[in-house]
Structure formats: structure tokens, C-alpha cells
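Chain by chain, the residues:
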Amino acid sequence: MTDVSLDKPNFMKTVEHAMSVRKLTASLLTTLAMLGAIATGNAQDHVPPADPLAFDPDFQWFRPVYDMDLADMKPKKRANTGWFATYDRLALYASRPELELVQDAETKLDQGWGHRYEIGYMLPDVEHGWMFTYTQMNGPGERDVVARERLIRFGVVADPDDVDDPGPVIQGDGNTPGYDQRLYFVGDSVNVMDFNSYELNKTWRMEPYHYGGILEPFVGFRWARLNDYNSQQNYITTADGSALPDVNLGDDYEQLTTDSVITENEILAAQFGFRYVKFRDRFTYSADFRGMVGGSLQCAKSQRDVETTVGVGDVPDNNFSTQTRALYDRNEEFVIGFDVRGELAYQLTEAIKIRTGVQVIDLATGIWRGGPVDPSGTNQQQGGSQDQDVVMVGATFGIELNR
């Protein structure tokens, strides 16, 4: 009988290897079981995030609201949640440009009209969201205009063979329809501008104060464009002695010279501010403050147009126009400004408020109006400083929707 002895070291290694595989398998199974339990628990307790596209207006925009409903509703519940939108009609007065040849013009205000659109989304429960605002200001378009009778009148010859009979003057010959004489309306711009502003803000809603007021701070970005239009016209004619006979033009002629400039201000600014809201019965009181700091990219385009009419007696010999090439000037300035609003809204229905208020937009520095000053003095262009301020102030009235 053969004695077979086992190799003890190799046997022990085999046993230890088998135990390691068992422990590893048991550990993996235990880990998978724990992860499955955690996932199941999270699935039961997890609340899905708010979907901004889940818009359910229920179409009851004009459902009546009662004073008792508002009295029992907490301020936080009355604040805008989900999607909301506002529209306001603006009746703002704007300050005049600071021109080199006009003293104290900036103290005058001229009326313009505009619009303000606002769309926002406030996440429920988490109390923060986004808000986009577009503001448009049309005008003012203030001008000083004087009617000047032109030198040449077109006539209709009653008898073609009689050159001495020019016939009656045409009642409006296309130059000035509706008038029985040919006129130039010579004018200088006083305050002609337009303003467009785009804002995107991240907003937060704080907990209501003891008396129900709610503060909503925000930070964001504003891109605005302010275009200024400035023109001066000068009319001369040999009829009143303002023009002398010219060897090239003759004894009878007239000239209308127009010097015009368009000054563009592209404003890129960081923005910060807050909104305070207070509810009382059907009324909502609100105040907004927006401060902005940034830069203004400026560009001015100036050009001269001259229209000349040459003629003898009642028959014009020639009419021609000349235009100089456009000249461009550019500059950059630092901009500081603010936008302040105060509004009072009335709860008309469950989803609709009507409101009115006041607004002040002040671009305190960094605005160019009037274009460059002509150093030669040959043009009528007045020009203005590249670091002016613009104030727009007036009333607003509009509507607010929230469902």
C-alpha cells in the first residue's frame, strides 16, 4: 500500500483562495442589496423638479375674486408663481441733448411714448426664477420748423404760343401738397431720439416680513441702445438777399443745406437691484430699483446734403442735389445709471391686475448726443459732448397676468 501524503502548503492556499472568492461574492451581493434599498427609498420620497413647460392656465382668466379670499391668503401665496407677464404703456419725458451752441437745453424735457414688456418664471417652493424685460421708448421728436417760400413757381401756360403768359400757379405741385405755394419747411432738431433696452435677471424671493412685505433681490445683464438724431438746415435765396448772384449758378437760385448726424450708443452693463411688494386687500404696492454699471460703445455718422434750384422768372432752369461722403467718429465711455419704478396694482379678477405708476430712467454718464463738433465752422452742425446724461421720467399704466 502506497502512502500518499498531501502537500500542506498548497492545500492551505487553495482553501484560502476559495474563502476569498466567497467573501468577495458576499460583499458584492450585500452592496447591491443596499443600493437597491436606497434607490427604492429615494424613488418613494423624491419630488420631481418643476417643469416650466407644464403650463396649465385652465382658461379662467376672468374668474371673479372675492375680498374674503384675498384676506385669508398669505402674502407668499399671493405673489407671482409659475409663468407671469406684464405690459405697460409708457408716457415718459426725455431730457434734451447738451449741444455746444445751445445753452441750458438739457434742463428741458420733451414728451415721448413707449412700451414695456416683462415675462418671468418663478419656481414654486424653491422661490427663485428668471425675468426678461424689454423697454422701448419712441421719441421725443421735437423740432423747430419754419416755412420758407421757394423762389421758383411752376406755372401752366394758357397759350403755348404766348411765352409772356405763364398761366396760373398750380395749387400744390408735388413739393408741398395741399398748399397754393411752393414751400421748404426748414427745421432744426431739438430733441430727437429712441431708446431700446433688453434685460435678463436672476431673481430670488425672500421670506415675507412681519407685516407681509416681500423682498426680491436680483442680478442680471442689460443691453441697451440709444440713438440720437440731430440735423440743422439752412435756406438761402437771391430773392431776399441771403444769397448773392453766383457766376456758376446765375442771378436767381436757391439752396437748402442739411447737416445731419446719427449718434449711436450701444450700452453693455451689469445690473443689480431689488423689488419690494406689499399686498393690502385688492391692492398691490410695488417698488423696483435697478442699478447698472458698464460701458458705452459710441459711433457718429455725419453727412451734408445740398439741394440747389436755378431759374429765371417762373421757369426753373435746373434742379440738382449733392451729398458729401459719410464721416464716422467712434468713442467708448464708462456708463453708470439706474432705473426706478413705483406702481399700484388693483386685483381685477383672479388672474388679471390693472396697474399704474411712475418710472425714472437716468443714464448719468457715458452718453453721446449731437455728434461731433465741426472744427472748420463751415457746417451748421452743433455737436455735443461724448459724456452726457439722459433722464427719462413719466407715468406708466398697464396690465399684469399670472396663472
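Let us look at the structure shown here. Keep in mind the model is a prediction, meaning the values are calculated, not measured.

A short note on the pattern of salt bridges
Any two side chains of opposite charge can pair if their charged atoms end up close together. Scanning the model with the defined rule gives 22 salt bridges in all. In this structure, the salt-bridge partner of Arg116 is Glu343, at a minimum N-O distance of 2.6 Å. Here the residue Arg116 occupies a position in strand β2 (residues 109-122), and Glu343 occupies one in strand β9 (residues 327-347), the gap between them amounting to 227 residues. On the accessibility criterion, Arg116 (1% relative accessible area) is buried.

Thoughts on empty space enclosed by the protein
If you walk through the whole model with that rule in mind, you get three cavities of 30 Å³ or more. By volume, the largest cavity is sized at about 260 Å³. Lining the largest cavity are 24 residues, with Asn80, Phe84, Glu216, Arg275 and Glu400 positioned closest to its centre. Within the residue set of the lining of the largest cavity, elements represented by two or more residues are β1 (82-95), β2, β3 (128-149), β5 (214-237), β6 (253-280), β7 (283-312), β9 and β10 (352-367). Looking at the lining of the largest cavity residue by residue, the class counts come to eight nonpolar, four polar and 12 charged.

Considerations on the packing of aromatic side chains
Enumeration according to the criterion identifies nine aromatic pairs in this entry. Among the aromatic residues, those joined into a cluster by ring pairs are Tyr87, Tyr117, Tyr134, Tyr198 and Trp223.

Rules used in this analysis
- Residues numbered from 1 in each chain as written.
- Predicted model: local features only at pLDDT ≥ 70, side-chain atom pairs only at ≥ 80, totals over all residues.
- Heavy atoms only, no water.
- Salt bridge = Lys/Arg side-chain N within 4 Å of Asp/Glu carboxyl O.
- Helix = DSSP H or I, 4+ residues; strand = E, 2+ residues; numbered from the N terminus.
- Buried < 20%, exposed > 50% of the residue type's maximum accessible area, 1.4 Å probe, protein only.
- 1 Å grid on protein atoms, 1.4 Å probe; cavity = no way out; pocket = protein on both sides within 12 Å on 5 of 7 lines; lining within 4 Å.
- Points joined across faces, edges and corners; volume = space filled by probe spheres on them.
- Nonpolar A, V, L, I, M, F, W, Y, C, P; charged D, E, K, R; others polar.
- Phe/Tyr/Trp six-rings, centres within 6.5 Å; stacked < 30°, edge-to-face > 60°.

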